[in-house]
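# Architecture and fold: a report
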Amino acid sequence: MSVIDPIREGLARGWKVVDAAALSRDLDLECDVAVIGSGAGGGITAEILAQAGLAVVVVEEGPLVGSAEFNMREREAYPRLYQESAGRQTQDKGITILQGRCVGGGTTVNWTSSFRTPPRVLAHWGDAHGLKTVSTAALAPWFERIEQRLSIGPWQVPPNANNDALKRGCEKLGIPFGYIRRNVKGCANLGYCGMGCPLNAKQSMLVTSLPAALDRGATLVQRARVTQLAARGDRLAHCEARGIERNGAVLSPHTVRVRARHFVVSAGAIGSPAILLASALPDPQGLVGKRTFLHPTVVSGAVMPQKVDAYYGAPQTVYSDHFLDSAALDGPAGFKLEVPPVHPILGGITLPGFGAEHARWMTQLPHLQVVIALMRDGFHAGAPGGQVVLRSDGWPVLDYGMTDYLWEGVRRAYLAMAEIQFAAGASTVLPLHESSSAATSWRAARAAIESLPLRSLAARVVSAHVMGGCAMGADPTTSVVTEAGRHHHVANLSVHDASVFPTSLGANPQLTIYALSARMATGLAASLGKGAGGQAPA
Amino acid sequence: MPTRRQLLKVGIAGGLVLAGVRWLDRPQAVAASNYRFLDERSASAAAALVPVVLEGTLPGEAVARKRAIDETVEAFDRAVAGLSPAVQKEVEELFSILRFPPMRLMFTGLWSPLEESSAKEIGDFLARWRHSRFEIQRAGYQAITQLIQAAWYGNAASWTAIGYPGAPRLG
């Protein structure tokens, strides 16, 4: 089967793409809008601005890699497409963070789960955070527009056995569950979304909005880390970027300088606050980087009598919000239940233990069924989020401590997952925790989980959703940007990505980021008027 | 993984000793040519850890086993080379602790170098770190085990033993 790689085709058509790591001298660019980051926020923004006739330069830290190079091998995909080789961790190493670092950002490597922002979360943003214009009704047309653009819809294929076990367990216990909508077109149900879709079926920014922007004359600067936004008075004059090597560690001696009328920071909820902090922009209340959320996620493994083959098939198609919906937003920690894909590296590093103990689980990989619980953070004083800080070498790191409030939710999540897995027919269940022991009955699992000591670097905690740190709001004393994404203190700066969320979502964030960014970008385009250097489509 | 600041929390003496270690235990002038990050001595320490961490899924036959261990150390090296400079420095400090006798004894309880320790002695040290009351030791345990596990299970040679058929063929 020959798959057309839209990146190769676009480059052949004459896309303007600069590899900052390969520059032999400094480079100066000028445009209407510089967009920093090419993920869900930056990608959508670039397309809308380019469509409006504005000259756009997109600066992306990661490499431009297309489907021809997506080979479904973890050991090549993780170092190439993820921040810190998929080994990014919170400051205390307690939480491993999966974050994309490539053109298309997280959308190139995510698992395609598409949820509209839960209405009660949007209502809470109004009630508790004073948002006035971001509501379920206001966002509805933006969701519709994005769903159409990115082919988001129900998944017509039966769930794989890994997802089906979650469904079966919920059914048996009378726990409400649902089917996850996905942003795919012509998906062959392979299961390797996390390593880049080799078929271009996933409607990521890489194959939709970014090609559209590039076809309209936008410039992409890849492998370029923005080190500073340079202000003159209350306006930004230019941004500076340096080429990075494959491991992200080595800065090229040459600088890319982008002058623009306006700057949109879409570098993700660790990268965006980091750029603002490094640039020492006005932040009178010290809000930037604070209230950063993760949906801290805990994991339960089960051995099923039948084969599960959790490495194959659409990775996430079934979910349950029962443990979110049945709790008050500001009550005990709620959690969303989903399943992850299980490939050898991801499985290997997530299963606890070493030696024979670890091998006993690894050698049952085809029978391994895994459920994850994503904790909703940011709604209760017991889950205030973490803080993005800059290390002495300038790299950002997230200081995020698990709290007693979250650990209490983790214990209930372990219990819920184990009960569901036994109800689905598991012969053995193991909460992924260094002190847990495998249980062969629900009764035994319950007793073991109830006495499990919960602490950092014992319970396996992961995150694939970083949110907050540049909260939007009407009040400059409690937020960093307006609900239109405009910085409260710097006239020509916006933030379009998950960092504008005032709390986490309790749902996979991509569709919320797309919709908010589309809304913000459309407003921005209108306020900037006709571009000085806009070009007709190629 | 330990940072010097965290070490000071564990014991001021430990932190002060570490400052000396880094001077006394500089990487050898000639790095092993196959590696991007490891030097020869760190590579042999890593090679001693691999069969303990991966017991149960490495090939039993001697030649295949040796090759699997070598390839795991090489992939371990590549993995560390892909981490941020700050984390690379922490891994370097971790190896300093594993190599420099007073530090090794104090933090791992191992009298002999890893290369001369038995699998049981290494397994006991990993188990102590795994359940340690100090976060820094639990972090060190997780760094060692996860880097080795990622290095091995990313290698197609590991897949038969765990029943992973590999990615589907396209077309």
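The rules behind the values
- Residues numbered from 1 in each chain as written.
- Chains lettered and ligands numbered in written order.
- Predicted model: local features only at pLDDT ≥ 70, side-chain atom pairs only at ≥ 80, totals over all residues.
- Heavy atoms only, no water.
- Helix = DSSP H or I, 4+ residues; strand = E, 2+ residues; numbered from the N terminus.
- Buried < 20%, exposed > 50% of the residue type's maximum accessible area, 1.4 Å probe, protein only.
- Contact = heavy atoms within 4.5 Å.
- Pairing = 2+ DSSP bridges.
- Buried area = accessible area lost by both parts, 1.4 Å probe.
- Salt bridge = Lys/Arg side-chain N within 4 Å of Asp/Glu carboxyl O.
- Polar contact = N/O pair within 3.5 Å; in protein donor to acceptor, adjacent residues only side chain to side chain.
- Nonpolar A, V, L, I, M, F, W, Y, C, P; charged D, E, K, R; others polar.
- Phe/Tyr/Trp six-rings, centres within 6.5 Å; stacked < 30°, edge-to-face > 60°.
- Lys NZ or Arg CZ within 6 Å of the ring centre and 35° of its normal.
- Axes fitted to C-alpha atoms, helices over the stretch in contact; angles between N-to-C directions.
- Parallel < 35°, antiparallel > 145°, perpendicular 65-115°, else oblique.
- Disulfide = S-S within 2.5 Å.

### Here's the deal with the side chain of lysine 167 of chain A
Residue and element names in this part refer to chain A. The residue lysine 167 is located in helix H7 (residues 161-173) in this model. The class for lysine 167 is buried, based on a relative accessible area of 17%. With residues up to four places along the chain from it excluded, the contact list for lysine 167 reads Phe177, Tyr179 and Val318.

### Quick notes on the sheet that holds strand S9 (residues 181-183) of chain A
Residue and element names in this part refer to chain A. Pairing in this open sheet of three strands is antiparallel, and the strands run S6-S9-S7 from one edge to the other. Looking at the sheet topology across the chains shown, the edges are occupied by strand S6 (113-114) and strand S7 (152-153). Inspection of the sheet shows S6 paired to S9 by two bridges, in the antiparallel sense. Across the sheet, residue serine 113 finds its bridge partner in S9, namely arginine 182.

### Let's talk about the interface of chain A and chain B
Quoted interface sizes are often the accessible area lost when the parts come together. Counting from both sides, the interface comprises 44 residues of chain A and, opposite them, 47 residues of chain B. Carbon and sulfur atoms supply 56% of the area buried between chain A and chain B, which totals about 3,900 Å² over both sides. We note a salt bridge from lysine 93 of chain A to glutamate 90 of chain B, for which the minimum N-O separation is 2.5 Å. Summed over the shared surface of chain A and chain B, the number is 17 residue pairs in polar contact (both at pLDDT 80 or more). Broken down by secondary-structure element, the contributors of at least two residues to the side of chain A that touches chain B are helix H11 (344-350) and helix H12 (355-362) of chain A. Ranked by residue count, the leading element in the side of chain A that touches chain B is H12 of chain A, at six residues. Residues belonging to the side of chain A that touches chain B are distributed by class as follows: 22 nonpolar, 11 polar and 11 charged.

### Section: the packing of aromatic side chains
For the structure on display, the rule yields 11 aromatic pairs over all chains. Judged by centre distance (5.0 Å) and plane angle (75 degrees), the ring pair of tyrosine 311 of chain A and tyrosine 164 of chain B falls under edge-to-face. With tyrosine 311 of chain A in the loop between strand S15 (297-303) and strand S16 (318-319) and tyrosine 164 of chain B in the segment after helix H9 (159-162), the pair connects residues from two separate chains. Of the two residues, tyrosine 311 of chain A and tyrosine 164 of chain B, both sit in the buried class. Ring plane angle 65 degrees and centroid distance 6.0 Å describe the contact between phenylalanine 354 of chain A and tyrosine 141 of chain B, whose orientation is recorded as edge-to-face. Remark: tyrosine 141 of chain B occurs in helix H8 (residues 135-153) and phenylalanine 354 of chain A occurs in the loop between H11 and H12; the pair is interchain, linking two chains. Tyrosine 141 of chain B shares its class with phenylalanine 354 of chain A; the two are buried. One aromatic cluster is present, formed by Tyr311 and Tyr312 of chain A together with Trp159 and Tyr164 of chain B through successive ring pairs. The side chain of arginine 225 of chain A reaches across the aromatic face of tryptophan 395 of chain A, ending 4.7 Å from its centre.

### Things to note about the packing of helix H5 (residues 85-99) of chain B against helix H6 (residues 101-108) of chain B
Residue and element names in this part refer to chain B. Relative to each other, H5 and H6 sit at 95 degrees, their axes nearing to 5 Å. As summarised for this structure, H5 and H6 are arranged roughly perpendicular, according to the angle between their axes. Residue-level inspection shows Ile97, Leu98 and Arg99 of H5 in contact with H6, the latter providing Pro101, Met103, Arg104, Phe107 and Thr108. Looking at side-chain class alone, the contact of H5 with H6 contains five nonpolar, one polar and two charged residues.

### Points about the state of the cysteines
Per the counting criterion, the structure on display carries zero disulfides over all chains. Cysteine cysteine 31 of chain A shares no disulfide, and the gap to the nearest cysteine sulfur, in cysteine 239 of chain A, comes to 7.8 Å.

### Examining helix H9 (residues 268-278) of chain A
Residues and elements named next belong to chain A. Along H9, eight of the 11 residues are buried, which leaves the element largely enclosed by surrounding structure. The complete set of buried residues in H9 reads Ala269, Ile270, Gly271, Ser272, Pro273, Ala274, Ile275 and Leu276. At the C-terminal side of H9, alanine 280 shows a positive phi close to 50 degrees.

### Notes on the pairing of S15 of chain A
Residues and elements named next belong to chain A. Taking burial as the measure, the seven residues of S15 include seven buried ones, the bulk of the element. Where S15 lies against strand S18 (residues 368-375), seven bridges are found, and the strand directions are antiparallel. Bridge pairing in S18 links serine 300 to valine 371.

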